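Each chain, letter by letter, is given below.
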Amino acid sequence: MNKIIITLIAILVVISAIITAIVLDMPTDKVEVPKSETKIAEEEILDECTEEYEGMEYQNTIRANTQEEKTSPNCTITKKNYFLECGHTKSENEIIAKDFVNLSQEEIQEKYANYKIESFSPNEIVLFQEREGNCEEHYMVKDKEGEVAIYQILSDGTQKEIEITGITTEYLPETDKINMKKGIQVNGKQALNQLIEDFE
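An account of the accompanying structure is given in this report.

Conventions we followed
Residues numbered from 1 in each chain as written. Predicted model: local features only at pLDDT ≥ 70, side-chain atom pairs only at ≥ 80, totals over all residues. Heavy atoms only, no water. Core = buried A, V, L, I, M, F, W, Y, C linked by side-chain atoms within 4.5 Å. Buried < 20%, exposed > 50% of the residue type's maximum accessible area, 1.4 Å probe, protein only. Helix = DSSP H or I, 4+ residues; strand = E, 2+ residues; numbered from the N terminus. Contact = heavy atoms within 4.5 Å. Phe/Tyr/Trp six-rings, centres within 6.5 Å; stacked < 30°, edge-to-face > 60°. Lys NZ or Arg CZ within 6 Å of the ring centre and 35° of its normal. Pairing = 2+ DSSP bridges. Axes fitted to C-alpha atoms, helices over the stretch in contact; angles between N-to-C directions.

Looking now at the nonpolar core. V141, V148, M180, L192, I196 and F199 are the most contacted members of the largest nonpolar core, which has 13 residues in total. Elements represented by at least two residues in this core include exactly β5 (138–144), β6 (147–153), β8 (184–187) and α5 (189–199). For this core, the element with the highest residue contribution is α5, accounting for four residues. Residues contacting F199, with those up to four places away along its chain left out, are V141, V148, I167, L172, D176, M180 and I184. Of all hydrophobic cores here, the second largest spans 12 residues; its members include F100, L103, Y115 and L127.

See below:
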C-alpha cells in the first residue's frame, strides 16, 4: 500500500514539474527594456510635459494681458464741459480719430490730459472737464428797429449781435412787444430756436 502512495506522489511531482517547465518556456508579449533606457524615456516625458506646461502658462499670461479693453474703430467720444460761471454743461460728440483706435484707457487719458475719463468701453468714451467762464449759449432776443434781433451774451457780460431774423415785431402780441423792448434772455440753442419759431 505504501508503494502505491509513493508512486502516485512521484507521478504528481513529475507532472507538476513538466507543467511548470512548459509555463516558464511560453513566449510573452512583454519586451524588456533595459533599466537605463527606461530612465532616459521617463526623463524625456518629464521634460516634454514640463515644457508644454510652461508654454501653456506663458500663453495664459498673454491671453490675460490681451483682455485689456481698447478702443474700436466705431467708438464715439463724448466731451462734457462744465462751465463754472453759468453752471451749464455743454456736450460734444465725435467719432474717434483713426490715430486713437486700439488704445487703452491709460493711453486715451494721455491724449486727453485736460479731461477726466468718466467712462471707458471699446465703443464709447465719456470725458469731463470743468472750465472757466460761461458756455456761450446765453442769448438775448430784442427788438431792433422793428425786427427780432438775436444777441449772444459773452463771458464778460457784453452782447454781440449775431442775427437779425427778418421777423417784424409789429404783429407780435402786446406782452411780447413789451418783453422785446427789455430783451428776452434765453439759455441754449434749442430754447432760442423754439422762441424764434413762436415769433414766426
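After that view of the structure, there is still more to cover.
For any pair of aromatic rings, geometry is given as the distance between the ring centres together with the angle between the planes. Applying the stated criterion to the full structure yields two aromatic pairs. Aromatic pair F100 and Y112: ring centres 5.7 Å apart, planes at 90°, arrangement edge-to-face. With F100 in the loop between β2 (89–95) and α3 (105–111) and Y112 in the loop between α3 and β3 (116–120), the pair connects residues that are 12 residues apart, well separated along the chain. Relative to Y115, the ring of Y112 has its centre 6.2 Å away and its plane inclined at 80°; by these criteria the two rings are edge-to-face. By relative accessible area, which is 11% here, Y112 ends up buried. The class for Y115 is buried, based on a relative accessible area of 13%. The ring of Y151 has K142 lying over it, and the distance from NZ or CZ to the ring centre is 5.2 Å.

With that out of the way, let us pick up the sheet that holds β2. Strand order in this open sheet of four strands is β2-β1-β4-β3, and the pairing throughout is mixed. With one partner strand each, in any of the chains shown, β2 and β3 form the two edges of the open sheet. Within this sheet the neighbouring strands show an average axis-to-axis angle of 20°, counted without direction. In terms of strand pairing, strand β1 (residues 76–83) meets strand β4 (residues 124–131) through eight bridges, oriented parallel. Counted as the bridge partner of T76 is E124 from β4.

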